[in-house]
Amino acid sequence: MKVLLVDLETEWRGGQNQALLLLKGLRERGHEPELVAADGSALGERARSAGVRMHFVSRGVFRLPAAQKVRALLRSGGFDLVHANEAHAVTAVWLAVWERRKPLRVPFVISRRVGYPIGKSSLAQARYRAAAKIVANSKWVAEQAAVSGAPCEKISVVYEGADIPPRLTAEQRQRARARWGIPQSTRLLGCVGVLLPDKGQEWLIRALAQVKKEFPGTKLLLAGDGPRRGQLESLARELGLKDDVIFAGFVKDVENVYAALDVFLLPSFFEALNNSLLAAMAYEIPSIAFNRGALGEIIEHEKSGLLVSGPDVAEISAAAVRILRDHELGIALGRAGRVRIEDNFSANKMVLGMIRVYEECLRSNPVSSPV
């Protein structure tokens, strides 16, 4: 298959990580993917380094430059289908495929990675009616999309995936901890994610104060940056935790974060899925997450991790203390977590799932009305 993937996000986030895994996986299986990416985007540079054929474009006003580029490529490139990987790309591809004068009969696939409702405007709804397939990254996202107007018969679920890494060694752990000045004996909690209000890092800082009552030397490593950082730093100071919360900023070689941790925590309120949680579990880090959004689809409570109800400091800290206190429990949860990712959320399974979706599109080649 010759697939044109379109992603106009400039920053590196979970969706862009999945796009790169998909592009690599398609190439490894003999397919011919190409990528339309925004000028200067992190995904574009990484995909080019991986040998993917690239087309850089300005996002521009109303996504028109990108739409024009996509339309030109579809007319001349012999592509079997076009796949919009994020919201900006959805608009650009819809404009490219559904120009009224000469609509292109190329199957249009949309990736849906958020639980927010699809807009009720005729324009927002038209984009999703035009798709041959809408690929939700979890059952929860599929349900939210259907409730907000997406055609149910077009929705497929393909879980996002993580590369299954080699098991971490004691030497890797030592090097990773040395990077942030963490002694080997210090208990370290951690989280990876953009610092935003709905990502919930505030509750980890508050829970750390409680954990330290039983394990005084415990520290918290927050990898990621964002608009919430200043407020989180202020909160750490107010709680007397200035030296116990490490703000690592954006970490490109994020595997070193996982290598350093004793416990991974994900306090997100509204999560469609989460690449960081998948990675932590793949590295056998015992993990705790809020039972919100699709996170309960990843962790099997008490088997492959622990789920807590939400922003309850006592509940979060109790879960962390339980793992720190019971070393064998931590090992068991970590091992079961890795098996869970291998069996259900590997990059290989994600790529095979997307290929099945593409094949369904090419068999039926449904093209809907643009309005």
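Preceding this paragraph is the structure being described.
Predicted, not measured: the structure shown is a model, and the values here were computed from it.

**Observations concerning the nonpolar core**
At step 1: Core analysis: the largest hydrophobic core is formed by 103 residues, its most contacted members being Val-82, Phe-108 and Ile-205.
At step 2: The biggest single contributor to this core is helix α4 (residues 87-97), with seven residues.
At step 3: When sequence neighbours within four positions are dropped, the list of residues in contact with Ile-205 reads Leu-220, Leu-222, Leu-232, Leu-235, Ala-236, Leu-239, Leu-241, Val-245 and Phe-247.
At step 4: Listed in part, the 17 residues of the second largest apolar core include Val-3, Val-351, Met-354 and Ile-355.

**Side note on the pattern of salt bridges**
At step 1: A complete count under the given rule lists 23 salt bridges for this structure.
At step 2: Between Lys-2 and Glu-34 there is a salt bridge whose closest N-O contact spans 3.8 Å. Here the residue Lys-2 occupies a position in strand β1 (residues 2-7), and Glu-34 occupies one in strand β2 (residues 32-38), the gap between them amounting to 32 residues.
At step 3: Here Glu-34 ties to Arg-53 by a salt bridge, and the two come within 3.4 Å at their closest N and O atoms. Taken together, the residues Glu-34 in strand β2 and Arg-53 in strand β3 (residues 53-57) connect sequence positions 19 residues apart.
At step 4: Relative accessible area serves as the criterion here: at 52%, Arg-53 is assigned to the exposed category.
At step 5: Here the salt bridges do not stand alone but share partners, grouping Lys-2, Glu-34 and Arg-53 into one network.

**Focus on the sheet that holds strand β6 (residues 133-136)**
At step 1: Spatially, seven strands are ordered β3-β2-β1-β4-β5-β6-β7 in an open sheet, and the strand pairing comes out parallel. Edge positions in the sheet fall to β3 and β7 (155-157), since each of these pairs with one other strand and no more. Looking at each pair of strands side by side, their axes are set apart by 25° on average, direction ignored.
At step 2: In this sheet, β2 lies alongside β1 in parallel orientation, the contact comprising six bridges.

**Describing helix α2 (residues 42-49)**
At step 1: The complete set of buried residues in α2 reads Leu-43, Gly-44 and Ala-47. Viewed along the axis of α2, the buried residues span an arc of 100°, placing them on a single side of the element.
At step 2: Where α2 is buried, its residues meet β1, α1 (14-28), β2 and β3.
At step 3: One or two steps after α2, the chain reaches Gly-51, where phi turns positive at roughly 90°.

**Here's the deal with the packing of aromatic side chains**
At step 1: Following the criterion strictly, the structure yields six aromatic pairs and no others.
At step 2: Note on Tyr-116 and Phe-270: the rings are 4.5 Å apart at their centroids and 40° apart in plane angle, and the pair reads as tilted. Highlighted residues: Tyr-116 in the loop between β5 (108-112) and α5 (122-130) and Phe-270 in the loop between β11 (263-266) and α11 (275-282), separated in sequence by 154 residues.
At step 3: For Tyr-116, a relative accessible area of 44% translates into the label partly exposed.
At step 4: When its relative accessible area of 31% is taken as the criterion, Phe-270 is described as partly exposed.
At step 5: Aromatic side chains Tyr-258 and Tyr-283 sit 5.5 Å apart centroid to centroid with 20° between the ring planes, which places their arrangement in the stacked category. Separated by 25 residues along the polypeptide, Tyr-258 in helix α10 (residues 255-260) and Tyr-283 in the loop between α11 and β12 (287-290) bring together distant segments of the chain.

**Considering the sheet that holds strand β13 (residues 306-308)**
At step 1: The strand order across the open sheet built from six strands is β10-β9-β8-β11-β12-β13, with neighbouring strands paired in parallel fashion. In this open sheet, the two strands that pair with only one neighbour each are β10 (245-249) and β13. Each neighbouring strand pair of the sheet contributes to a mean axis angle of 20°, computed without reference to strand direction.
At step 2: Sheet analysis places β12 next to β13, joined by three bridges and oriented parallel. Bridging from a neighbouring strand, Ala-289 pairs with Leu-307 of β13.

Conventions and cut-offs
- Residues numbered from 1 in each chain as written.
- Predicted model: local features only at pLDDT ≥ 70, side-chain atom pairs only at ≥ 80, totals over all residues.
- Heavy atoms only, no water.
- Core = buried A, V, L, I, M, F, W, Y, C linked by side-chain atoms within 4.5 Å.
- Buried < 20%, exposed > 50% of the residue type's maximum accessible area, 1.4 Å probe, protein only.
- Helix = DSSP H or I, 4+ residues; strand = E, 2+ residues; numbered from the N terminus.
- Contact = heavy atoms within 4.5 Å.
- Salt bridge = Lys/Arg side-chain N within 4 Å of Asp/Glu carboxyl O.
- Pairing = 2+ DSSP bridges.
- Axes fitted to C-alpha atoms, helices over the stretch in contact; angles between N-to-C directions.
- Arc of directions from axis to C-beta.
- Phe/Tyr/Trp six-rings, centres within 6.5 Å; stacked < 30°, edge-to-face > 60°.

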